[in-house]
Amino acid sequence: MMALAVVLSFLLPLAGTLILAFSAGRLGPRTSSVIGVGSVGLAALATAWTVISHAGGSEGVTLWTWIAVGNFQPTIGLAVDGLALVMMSVITGVGFLIHLFAAWYMTGEEGITRFYAWMNLFVFSMMLLVLGDNLLLLFLGWEGVGLCSYGLIGYYYQGSANGRAAFKAFVVTRIGDVFLALGLFLIFMELDTLDIQTVLARAPELWTSGSDVANLAALLVLGGALGKSAQVPLHTWLPDAMAGPTPVSALIHAATMVTAGVYLIARLNGLFLLAPDVLLLVGVIGAVSLLLAAFAALAQTDIKRVLAYSTMSQIGYMFLALGVGAFDAAIFHLVTHAFFKALLFLSAGAVIISCHHEQDMDKLGGLWRKLPVAYGGFIVGGAALVALPLVSAGFFSKDEILWQAMAADQTGLLIVGLLGAVLTGIYTVRLILGTFHGEPGSDHARHPEPGTNPVTHHLPLVVLAILSTFIGAWIYPGLGDLFPAAPGESVHTGHTLLQVLAMGAAIAGLLIAAWLFLWQRDWLADKARHGIGARLWTLWHNAWGFDAVFEGLLVRPWQWTVKILRVDLVNLVMNLPAVLAKAFNAGLVRSQNGRVRSYALVMVFGATVILLTLALLPGGVA
């Protein structure tokens, strides 16, 4: 029975995609919404059935052999273990709530059938990624997620900026995918298999810890993870991905795409444990991404871009946990982050739709009484984001990450994590105050549209709000012996002190934000307009200038090269003999004109040339 449930959870979103994609526009908006939402809802029920039926350990379902070339025989096989069940639950559960909210958000939009076809395919691709029992099948889902992100980010394709954002996301993540593909080639060449469990079993037998091949394989896999999870330096696509509809942003940033890199490293944990230097690099990259994104979030005015940089920062926490060997803590934060970040994005979507697609904080404000459900979503989701002590899900998962960093004696990573907690409190309070408090900044904020649906609008927000509290942390099952023991699992000395520090960091961020944005607002605004404050604002608003650097180092040289190569130099060289022959022929044809005077002139000219040549030769004319 479990095998049937796994297959249904895997195939139902695909069935929804096929029905919608081949409807040829014959389905109305309501029917498309029912199919799109219903297929993911049924997949969520099938996932619940799988969780209930799972007997523990790892169970597999092989559907058929995909390719058979010598020893290379990858299957279409689904592997279910604790990690897969957690990811399935997040993808289908949170994904269903996002689809349900989209039924309200997308009301009146054109292309609803296309929207849900892409959304369902996105969920199917992510399920394929986490259920695949071999790396080739995982890579197929990996590429499917990238393709769907292009279609969904560029959903409003009439705007050229949206098309550029979709293209940017596709290209930047493809850079990471090239590294991952090379990593898979290397793994297959060295281990003669792509089956995940076999790879994890053979790697310690054939590779020594810290060997060049282990380091190279881990580095290549890390390159792929950086692209999908938007970590430095392959992070520039993430803020621009806000061009898509807000439910798309919630799906990409909360439950699916950006968590794929975290899942990949956790799934191949045995490979990274053989490359301790690369594993530490994972943590350092996470720490750097965490800080850079937190500072960038301080200087954004678009509410969705604030949340985008927040996502990058929180994924940085997950990478930090992976880097110290706390794989379970990373997945724990992945789960709680899915709850509260989906809540924040959907609440932002409620604000955007109610205020006539306005999402600039400078033009919002004064909405807390007019949009109480969305305001409540921001308060609860914001509390989880800043890890408000004891009452929020984010506190328990983030505390576990900081504790594991401390237990691993990575003091630098611990300090970065605590500083990130302070910054998170500052930009979260700024986001909530700028959106819901103060005077309305435009008529859009003064006269929001009231109409909301208790099922498609209220229900997803309320469920996610409940999951973003400590209840969401309590339902996390823990992954037992799926991962090697983390540094802090057998040590508890100092954990209480660390919890006090973490609480202090979160509360300090809130107090600093209250002081800056409530009592020193005019002073802060003046500092942001002049001197070093203005320069810092510009630097952080432009996300440390990574886009400008990449534009100068990569994009413009590439465009210049393409411009030169529009004229095919090789083709020109190959055509040169033909051009010369044609010109010589044209000259000969013109000389054969039938005029005696011309022939006589040519003869005299030829004779003169011959005599002059002979005269100039050594010895002269005899």
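K.L.:
An account of the overall build of the protein is needed here, citing residue identities and associated values.
P.N.:
The helix and strand tally for the protein stands at 27 helices and 2 strands. In terms of principal-axis extent, the alpha carbons of the protein reach across some 115 × 65 × 60 Å. Counting the 622 residues in the protein, one finds 53% classified as buried. A sequence separation of at least 24 residues applies to 81% of the contacts in the protein between residues at least 6 apart. About 27,200 Å² of surface is accessible on the protein, with carbon and sulfur atoms providing 68% of the total. The distance from the centre of the 29 positive side-chain charges to the centre of the 32 negative ones in the protein is 18 Å.

K.L.:
Please set out the pairing of strand β2 (residues 75-80) residue by residue, giving values where relevant.
P.N.:
Counting buried positions along β2 gives 5 out of 6 residues, so the element sits mostly inside the fold. Two strands pair when backbone bridges link them, and strand β1 (residues 59-65) and β2 are joined in this way by 6 bridges, in the antiparallel orientation. From the neighbouring strand, Trp 64 faces β2, where its bridge partner is Ile 76.

K.L.:
Describe the pattern of salt bridges, listing the residues and the values that go with them.
P.N.:
Tallied over the full model, the rule gives 9 salt bridges. Close ionic contact of Glu 143 with Arg 174 constitutes a salt bridge, the shortest N to O distance being 3.4 Å. Separated by 31 residues along the polypeptide, Glu 143 in helix α5 (residues 135-153) and Arg 174 in helix α6 (residues 160-191) bring together distant segments of the chain. Glu 143 sits in the partly exposed class, given a relative accessible area of 25%. On the basis of relative accessible area, Arg 174 is assigned to the buried category, the value being 16%. Arg 305 is the salt-bridge partner of Asp 240, the closest N and O atoms lying 3.5 Å from each other. Here Asp 240 is found in helix α9 (residues 237-240), whereas its partner Arg 305 is found in helix α14 (residues 303-323), with 65 residues between them in sequence. Each member of the salt-bridge network shares a partner with another, and the members are Glu 143, Arg 174, Asp 177 and Lys 228.

K.L.:
Any chance you could break down a nonpolar patch on the surface for me, citing the residues and the numbers?
P.N.:
On the surface, Trp 560, Ile 564, Leu 565, Val 567, Leu 569 and Leu 572 cluster together into a nonpolar patch covering about 610 Å² of accessible area. Secondary structure elements with two or more residues in the nonpolar patch: α25 (546-565) and α26 (569-591). Per-element tally for the nonpolar patch: the top contributor is α25, with 3 residues. Inspection of the secondary structure assignment puts Trp 560 in helix α25.

K.L.:
Pulling in residues and values, what's your account of the nonpolar core?
P.N.:
Leu 131, Trp 237, Ile 331 and Val 351 are the most contacted members of the largest nonpolar core, which totals 200 residues. For this core, the leading source of residues is helix α15 (residues 327-354), giving 20 residues. Contact partners of Ile 331, with chain neighbours within four places excluded, come to Leu 83, Val 86, Val 262, Ala 266, Tyr 476, Leu 479 and Phe 483.

K.L.:
Explain the side chain of Gln 359 to me, using residue names and the numbers behind them.
P.N.:
With respect to the secondary-structure elements, Gln 359 resides in the loop between α15 and α16 (372-385). Sequence-distant contacts of Gln 359, defined by excluding residues within four places in its chain, comprise Thr 301, Asp 302, Ile 303, Lys 304, Ile 352 and Leu 364.

K.L.:
So what's going on with the packing of helix α2 (residues 29-53) against helix α3 (residues 82-105)? Residues and values would help.
P.N.:
Between α2 and α3, whose axes approach to 9 Å, the crossing angle comes to 155 degrees. It follows from the interaxial angle that α2 and α3 lie roughly antiparallel. With respect to the hand of their crossing, α2 and α3 are arranged in left-handed fashion. On α3, the residues touching Gly 36, Val 37, Val 40, Gly 41, Ala 43, Ala 44, Thr 47, Thr 50 and Val 51 of α2 are Leu 85, Met 88, Ser 89, Thr 92, Gly 93, Gly 95, Phe 96, His 99, Leu 100 and Ala 103. A breakdown of the residues in the contact of α2 with α3 according to their chemical character gives 10 nonpolar, 9 polar and no charged.

K.L.:
Pulling in residues and values, what's your account of α16?
P.N.:
Between its terminal C-alpha atoms α16 stretches 19 Å, which fits the 20 Å expected from 14 residues at 1.5 Å a residue. Of all the residues in α16, the buried ones are Ala 374, Tyr 375, Gly 377, Phe 378, Gly 381, Gly 382, Ala 383, Ala 384 and Leu 385. Next to the buried residues of α16 lie α14, α15, α17 (393-407) and α18 (411-436). Phi turns positive one or two residues past the end of α16, at Ala 387, with a value near 65 degrees.

K.L.:
Outline the packing of aromatic side chains, supporting the account with residue identities and numerical values.
P.N.:
With the rule as written, the count across this model stands at 19 aromatic pairs. Seen in terms of ring centroids, Trp 515 and Trp 523 are 6.2 Å apart; in terms of plane orientation they differ by 50 degrees. Their pairing is tilted. The ring of Phe 170 has Arg 174 lying over it, and the distance from NZ or CZ to the ring centre is 4.3 Å.

The rules we used
Residues numbered from 1 in each chain as written. Predicted model: local features only at pLDDT ≥ 70, side-chain atom pairs only at ≥ 80, totals over all residues. Heavy atoms only, no water. Helix = DSSP H or I, 4+ residues; strand = E, 2+ residues; numbered from the N terminus. Buried < 20%, exposed > 50% of the residue type's maximum accessible area, 1.4 Å probe, protein only. Contact = heavy atoms within 4.5 Å. Areas by Shrake-Rupley, 256 points an atom, 1.4 Å probe, with all protein chains shown as cover. Lys, Arg positive; Asp, Glu negative; His and termini not counted. Charge placed at Lys NZ, Arg CZ, Asp CG, Glu CD. Pairing = 2+ DSSP bridges. Salt bridge = Lys/Arg side-chain N within 4 Å of Asp/Glu carboxyl O. Patch = residues over 30% accessible without salt bridge, like charges linked within 9 Å, V, L, I, M, F, W, Y side chains within 5 Å. Core = buried A, V, L, I, M, F, W, Y, C linked by side-chain atoms within 4.5 Å. Axes fitted to C-alpha atoms, helices over the stretch in contact; angles between N-to-C directions. Parallel < 35°, antiparallel > 145°, perpendicular 65-115°, else oblique. Left-handed = near helix turned anticlockwise from the far one by under 90°. Nonpolar A, V, L, I, M, F, W, Y, C, P; charged D, E, K, R; others polar. Expected span 1.5 Å × (residues − 1). Phe/Tyr/Trp six-rings, centres within 6.5 Å; stacked < 30°, edge-to-face > 60°. Lys NZ or Arg CZ within 6 Å of the ring centre and 35° of its normal.

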